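Residue-level structure breakdown
What follows is each chain in one-letter form.
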Amino acid sequence: MRDNPRMDRLRIATRKSPLALWQTEHVAARLRAAHPGLEVVLVPMSTRGDEVLDRSLAAIGGKGLFLKELELAMQRGEADCAVHSLKDVPMDLEPGFALPAILVRADPADAFVSDRFDGIDALPPGARVGTSSLRRQAQLRARRPDLELLDLRGNVNTRLAKLDAGDYDAIVLACAGLQRLGFDARIRARLDPPDWLPAPAQGAIAIESRDDDAGVAARLAVLDDASTRRRVGAERAMNRALHGSCHVPVAAFARDAGDGRLHLQGLVGSADEGRLVRAEASGDAPDALGIEVAGRLLEAGAGALLPPR
């Protein structure tokens, strides 16, 4: 591994999608404000997850495909850190990497987007809804088993264009992504907890770096939000205990419950049958709380909906 020889410069690897670039520019602006005189340079890269759009993420290897090329750039000494949507980051990082900063979480909810209909319940029988997320498919199937669920890949702009072209009657996206790109007006309805649960850590931006680069980690740590880290930590701990990934319809949402406690809701579903298993609990320690809710889900029968280990 090679360290950045210039201590007044920070190079951030990023995907090239509009949302990824927005998030990285946001991080860069925050870092420049926190460290006057620091030169922050973006290193845009294309990942396999961005390039293969004719198959679902589950079919081509999972969300980790969005990280691999960026991690290789850090290992080669071409970048000092990388910016990710935390919901795309695997529960266990590759050896040699860490997440020194998790920014204040944006809106964690999903968004119902349609040019003609105001919400899921307003869709006509057999309406075509686009989403490649097994988690979203399971919750849609549970609520409206009559809907035709179709795969939907590509960046936010591409997905909206497909909706506008009439390929779908509605699509489901993350509120945070739409809001960051200025598409707030496209949100016809928010799909909120407790009835509808988001992906673990949805809405949070994370910064990844090599775990042996203390100088970079120290610079990034100024952006870390302790409250967000606790909440998404509980969600990710639950997902980790269930061995969740994009191959498994797992949802989680943690909120502050007061007095330093968190309340965590978890869900495991079946995208084919629309069966949902839910559990919840409150606690002080994020990791322990995530493990407890995972255990309750398994006790309630979620194991039958999870793939064999």
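These lines cover the structure that appears in this document, whether it is placed above or below.

Thresholds applied
- Residues numbered from 1 in each chain as written.
- Predicted model: local features only at pLDDT ≥ 70, side-chain atom pairs only at ≥ 80, totals over all residues.
- Heavy atoms only, no water.
- Helix = DSSP H or I, 4+ residues; strand = E, 2+ residues; numbered from the N terminus.
- Buried < 20%, exposed > 50% of the residue type's maximum accessible area, 1.4 Å probe, protein only.
- Salt bridge = Lys/Arg side-chain N within 4 Å of Asp/Glu carboxyl O.
- Pairing = 2+ DSSP bridges.
- Contact = heavy atoms within 4.5 Å.
- Polar contact = N/O pair within 3.5 Å; in protein donor to acceptor, adjacent residues only side chain to side chain.

In this section: unusual backbone geometry. In this chain, Pro193 is followed by Pro194 through a cis amide linkage whose omega measures 10°. If you check the backbone angles, Asp259 has positive phi at about 55° while not being a glycine. Here Asp259 lies in the loop between strand 11 (250–258) and strand 12 (261–269). The exposure class assigned to Asp259 is exposed, which follows from its relative accessible area of 81%.

This part takes up the pattern of salt bridges. This model, assessed by the stated rule, comprises 23 salt bridges. The partner of Arg188 in a salt bridge is Asp118, with the nearest N and O atoms 2.4 Å apart. Of this pair, Arg188 sits in the loop between helix 7 (175–180) and strand 9 (189–191) while Asp118 sits in the loop between strand 5 (110–113) and strand 6 (128–130), and the two are 70 residues apart along the sequence. Residue classification places Arg188 among the partly exposed residues on the basis of a relative accessible area of 33%. The salt bridge partner of Asp164 is Arg186, with a shortest N-O separation of 2.7 Å.

This part takes up the pairing of strand 11. Relative to strand 12, strand 11 is paired through 8 bridges, and the arrangement is antiparallel. Pairing of Gly258 across the sheet is with Arg261, part of strand 12. Connecting the antiparallel pair strand 11 and strand 12 is a turn made up of 2 residues, with Asp259 showing a positive phi of about 55°.

A word on the environment of Asp256. Tracing the sequence through the fold places Asp256 in strand 11. It is 28 Å that separates the C-alpha atoms of Asp256 and Gly182, two residues lying 74 residues apart in sequence. Those residues within four positions of Asp256 in sequence are excluded, and the remaining contacts are Ser227, Arg231, Arg261 and Leu262. At 3.4 Å, the side chain of Asp256 and the side chain of Ser227 are in polar contact.

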